Amino acid sequence: MKEKSTEIINKSAQSHTLSEDEIAELLKAGDASLLFKTSDAVRKKYLGEEVHLRALIEFSNYCKQNCVYCGLRRDNARLNRYRIEPEDIIRLAKKAKGYGYKTVVLQSGEDPYYTTEKMVKIISEIKKLDIALTLSIGEKTYGQYKAFRDAGADRYLLRIETTDEELYAKYDPGMSLENRKKCLENIKSLGYETGSGILVGLPGQTVESIAKDILYLKFIPVDMAGIGPFIYNPDTPIYEISGEESKDEQLNKKNNFELSLRVMAILRLLMPDINIPATTAMETINCNGRITALQSGANVVMPNATEGDYRKFYEIYPGKICVSESPAHCRLCITNKINSIGRSVCKHKGFHKRAV
Ligand code: SAM
Ligand code: SF4
Ligand code: FES
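Residues numbered from 1 in each chain as written. Chains lettered and ligands numbered in written order. Predicted model: local features only at pLDDT ≥ 70, side-chain atom pairs only at ≥ 80, totals over all residues. Heavy atoms only, no water.

Enquirer: Would you mind showing me how to read the site of ligand 1 here?
Expert: For ligand 1, the set of nearby residues contains 18 residues, the closest of which are Tyr69, Ser108, Arg159, Glu161 and Ile231. For ligand 1, an oxygen atom lies 3.4 Å from a polar atom in the side chain of arginine 180. Contact between ligand 1 and isoleucine 231: a nitrogen atom at 2.8 Å from a main-chain N or O atom of the residue. Protein chains shield 92% of the accessible area of ligand 1, which is 560 Å² for the free molecule. Of the residues in the shell around ligand 1, the class split is 10 nonpolar, 5 polar and 3 charged. (Near = heavy atom within 4 Å. Polar contact = N/O pair within 3.5 Å; in protein donor to acceptor, adjacent residues only side chain to side chain. Areas by Shrake-Rupley, 256 points an atom, 1.4 Å probe, with all protein chains shown as cover. Nonpolar A, V, L, I, M, F, W, Y, C, P; charged D, E, K, R; others polar.)

Enquirer: What am I meant to see in the sheet that holds strand 4 (residues 132-136) here?
Expert: Strands pair in a sheet through their backbones, by hydrogen bonds, and they do so in one of two ways: parallel or antiparallel. The 6 strands lie next to each other as 2-3-4-5-6-7, forming an open sheet whose pairing is parallel. Of all strands in the sheet, those bounded by a partner on one side alone are strand 2 (55-60) and strand 7 (224-229). In this sheet, adjacent strand axes meet at a mean angle of 20° when their direction is disregarded. Note: strand 3 (residues 103-108) against strand 4, 5 bridges, orientation parallel. The residue of strand 4 that forms the bridge with valine 104 is leucine 133. Its contacts with the sheet put helix 8 (residues 177-189) on strand 5 (155-157) and strand 6 (193-200), and the angle it makes with strand 6 is roughly 155°. (Pairing = 2+ DSSP bridges. Helix = DSSP H or I, 4+ residues; strand = E, 2+ residues; numbered from the N terminus. Axes fitted to C-alpha atoms, helices over the stretch in contact; angles between N-to-C directions. Contact = heavy atoms within 4.5 Å.)

Enquirer: Please clarify how the packing of helix 9 (residues 207-219) against helix 11 (residues 249-270) should be interpreted in this entry.
Expert: Axis angle and axis distance: for two packed helices, these are the angle between their axes and the distance between the axes, and together they describe the pair. Where helix 9 meets helix 11, the axes come as close as 11 Å, and the angle between the chain directions of the two elements is 35°. For the crossing formed where helix 9 meets helix 11, the hand is right-handed. Side by side, helix 9 and helix 11 meet where Val207, Ile210, Ile214, Leu217 and Lys218 of the first sit next to Leu259, Val263, Ile266, Leu267 and Leu270 of the second. Here the residues of the contact of helix 9 with helix 11 are counted per class, giving 9 nonpolar, no polar and 1 charged. (Left-handed = near helix turned anticlockwise from the far one by under 90°.)

Enquirer: Teacher, can you tell me more about the site of ligand 2 here?
Expert: What surrounds ligand 2 is the set Cys63, Gln65, Cys67, Cys70, Leu72, Arg73 and Gly109. When the residues that make up the shell around ligand 2 are grouped by side-chain class, the tally is 4 nonpolar, 2 polar and 1 charged.

Enquirer: Hey, could you run me through the nonpolar core in this one?
Expert: One broad rule of soluble globular proteins: the nonpolar side chains tend to lie buried together. The biggest cluster of nonpolar side chains holds 107 residues, and the ones touching the most others in it are Leu106, Met119 and Ile126. It is helix 11 that provides the largest number of residues to this core, a total of 10 residues. Within the second largest apolar cluster, 6 residues are counted, among which are Leu56, Met224, Val300 and Met302. (Core = buried A, V, L, I, M, F, W, Y, C linked by side-chain atoms within 4.5 Å. Buried < 20%, exposed > 50% of the residue type's maximum accessible area, 1.4 Å probe, protein only.)

Enquirer: So what exactly am I meant to see when it comes to unusual backbone geometry here?
Expert: Trans peptide bonds make up most of the peptide bonds, and negative phi angles are found at most residues other than glycine. Along the chain, isoleucine 220 connects to proline 221 via a cis peptide bond; the corresponding omega equals -20°. The phi dihedral of histidine 16 is positive, around 55°, even though this residue is not glycine. Position of histidine 16 relative to the elements: it lies in the loop between helix 1 (2-15) and helix 2 (20-27). Unlike most non-glycine residues, cysteine 322 shows phi in positive territory, near 65°. Relative to the assigned elements, cysteine 322 resides in the loop between helix 14 (310-313) and helix 15 (327-340).

Enquirer: What's the story with the packing of helix 2 against helix 11 in this structure? I'm lost.
Expert: Packing of helix 2 against helix 11 leaves a shortest axis separation of 10 Å and a crossing angle of 140°. One finds that helix 2 runs oblique with respect to helix 11. The chirality of how helix 2 crosses helix 11 is right-handed. Taking contact as the criterion, the partners of Ile23, Leu26 and Leu27 in helix 2 are, on helix 11, Leu259, Arg262, Val263, Ile266 and Leu270. In the contact of helix 2 with helix 11, the residues fall into 7 nonpolar, no polar and 1 charged. (Parallel < 35°, antiparallel > 145°, perpendicular 65-115°, else oblique.)

Enquirer: Please explain the pattern of salt bridges as it appears in this structure.
Expert: Pairing between side chains becomes possible if they bear opposite charge and their charged atoms approach one another. Under the criterion given, the structure shown has 29 salt bridges. The partner of glutamate 125 in a salt bridge is lysine 121, with the nearest N and O atoms 3.3 Å apart. Of this pair, glutamate 125 and lysine 121 both sit in helix 5 (residues 116-127), 4 residues apart, which is roughly one turn of the helix. Take glutamate 125: its relative accessible area is 23%, and that puts it in the partly exposed class. Put simply, lysine 312 and aspartate 309 hold a salt bridge, and the shortest N to O gap is 3.2 Å. Several salt bridges share partner residues, and in doing so they unite Asp40, Arg43, Lys44, Glu49 and Arg343 into one network. (Salt bridge = Lys/Arg side-chain N within 4 Å of Asp/Glu carboxyl O.)

Enquirer: How should I be thinking about the environment of alanine 293 in this particular structure?
Expert: For alanine 293, the position within the fold is in helix 13 (residues 289-294). Under the relative-accessibility criterion, alanine 293 is labelled buried at 0%. The residues contacting alanine 293, other than those within four sequence positions of it, are Leu261, Met264, Ala278, Met282 and Ala298.

This is how it looks when you write it as structure tokens:
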């Protein structure tokens, strides 16, 4: 078994290809240290030691969707809802630039309050700051994606979450996998740097299904892949709907962290030059999660640049890191952590440069 996975890892580090069965093999339990070490070496070879920082502004936690796993789902009456007004979003973006960020990411639930006109105004004002702009605001029409792109948005992040029809139908009621894929096609065709990704560890998800997800991300092909370990939120009905039992919480966290790292490392082998963030969810379930991820293939971090109580109210899942800290604190904290492992913060916008 061990020899088999060593062979697969060494082959893919050169060819950047893997079959579905080979991916499933690497996802299965067993020592993953060679996988992590190899993906770190591939990251170093193609991207060097620089880490890109993206300032995350979580501007609204209202959502018209009802994804079963997510704390922002519309039926979650326990969440304190907020919206940041357009002029204040622009102000936060200016502050983020002041902290030295070269990219701002605007993220929210699917909130119709922000009409196309409002978003276009926000985007054009932020683009005057000469920074890169990523949107992560969910499913929109082709016309809306085009209007945002024309206004200057550079990147769009829309996770596919899972490519498993059955899981998708169960966990994303009222939405469809087909439309999610269509949205990603539209985003790609409009020339955005296209970011997607998956949730890892959803109840009922198998390594075979994750292997298909990974190949889908390569098929798009994505410029950025964000891998989130699923974190159980007790304000959501996920276990009622999945029909599974909520298992030991600590064990779930450990398993989902380790599996997410594997997914990330495999993506690095398959797509050696793309941007891969060490995600906030990884650090939420493992106190050294982002650094471990940066040492296992990741090259991006998305520190929080939202201010005050809003951070706490953007509660996708419980225990989210950085809820009491200021944007200035997080900027310094993450820079120190990155420097402590001999890496440095990139001073440029960090667009995806294709090398293969
Ligand atoms: N509404 C937009 C969307 O869905 O694309 C952007 C905001 S949404 C909160 C961002 C991401 O949060 C989703 O793509 C999903 O993968 C992640 N997420 C939701 N619930 C989660 C959970 N319980 N654990 C980990 N990540 C979760
Ligand atoms: Fe809304 Fe996004 Fe959460 Fe789904 S994942 S409920 S679309 S915020
Ligand atoms: Fe926010 Fe460290 S990055 S406290």
